[in-house]
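# Structure at a glance
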Amino acid sequence: MSEENHIIDTLPLEELSALLQEAGYRTNETEHNGSKQLLSASQGIGFAVRPGNMLGEGLLDFTISCALRIQGELPEGLIPAWNRGKRFSRLSRHGDFLVLEIDVIVAGGVRRAHVRANLEIWDRLLQEFLLYLRNYRDENRNESHDKDDASEHEQAISTEAAE
């Protein structure tokens, strides 16, 4: 059986980094709160790959997340509307950040192609997320009768990624 078809039930961080690089991402390994993580970017927006549960040196699961700094107030309904329409991700607010996340599970056994497919889903979700924010802003601007409200909606979300 080729390595491509081999079932994996854990994934070392170094191997995950290699899969990201094979998918065209640059990666940097850093430490956050005493735990290693990978940093990368897509569409000019930074994201982090954080380990979840570990078995020895291998990951059983991991989370890919992108945190965008919020400037001003978020339009009401932005988060629930995203979460109702997207199956594979979740959007939440953490303090001054709007956070998009997707979990990838390796435990139980998957092929490398499964992990790569999840990376492709992440890339697609990130593209859709940026478009969603632009469209949501524009829709709210068109519905708003008050120029000050429209200005607040335009400035509510900065594409400045969290470190």
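Below: a short report on this structure. (Residues numbered from 1 in each chain as written. Predicted model: local features only at pLDDT ≥ 70, side-chain atom pairs only at ≥ 80, totals over all residues. Heavy atoms only, no water.)

All of the buried residues along helix H2 (residues 78–85) are Leu 78, Ile 79 and Trp 82. Here the buried residues of H2 occupy an arc of 95° about the axis, which is enough to place them on one side. (Buried < 20%, exposed > 50% of the residue type's maximum accessible area, 1.4 Å probe, protein only. Helix = DSSP H or I, 4+ residues; strand = E, 2+ residues; numbered from the N terminus. Arc of directions from axis to C-beta.)

Glancing now at the pairing of strand S8 (residues 90–94). Bridge analysis of S8 against strand S9 (residues 97–105) gives 5 bridges, and the strand direction is antiparallel. Bridge assignment links His 94 to a residue of S9, and that residue is Phe 97. Following S8, the chain reverses through 2 residues before pairing antiparallel with S9; Gly 95 in that reversal takes a positive phi of roughly 60°. (Pairing = 2+ DSSP bridges.)

Our next topic: the packing of aromatic side chains. Taken as a whole and assessed by the stated rule, the structure comprises 4 aromatic pairs. Their ring planes at 90° and their centres at 5.5 Å tell us that Tyr 25 and Phe 47 sit as a pair that is edge-to-face. Placement of Tyr 25 in the loop between helix H1 (13–22) and strand S2 (28–32) and of Phe 47 in strand S4 (residues 45–51) is noted, with a sequence separation of 22 residues between them. For Tyr 25, a relative accessible area of 9% gives the class buried. Overall, Phe 47 belongs to the buried group, its relative accessible area being 4%. Here the basic side chain of Lys 86 rests over the ring of Trp 82, its NZ or CZ set 5.3 Å away from the ring centre. (Phe/Tyr/Trp six-rings, centres within 6.5 Å; stacked < 30°, edge-to-face > 60°. Lys NZ or Arg CZ within 6 Å of the ring centre and 35° of its normal.)

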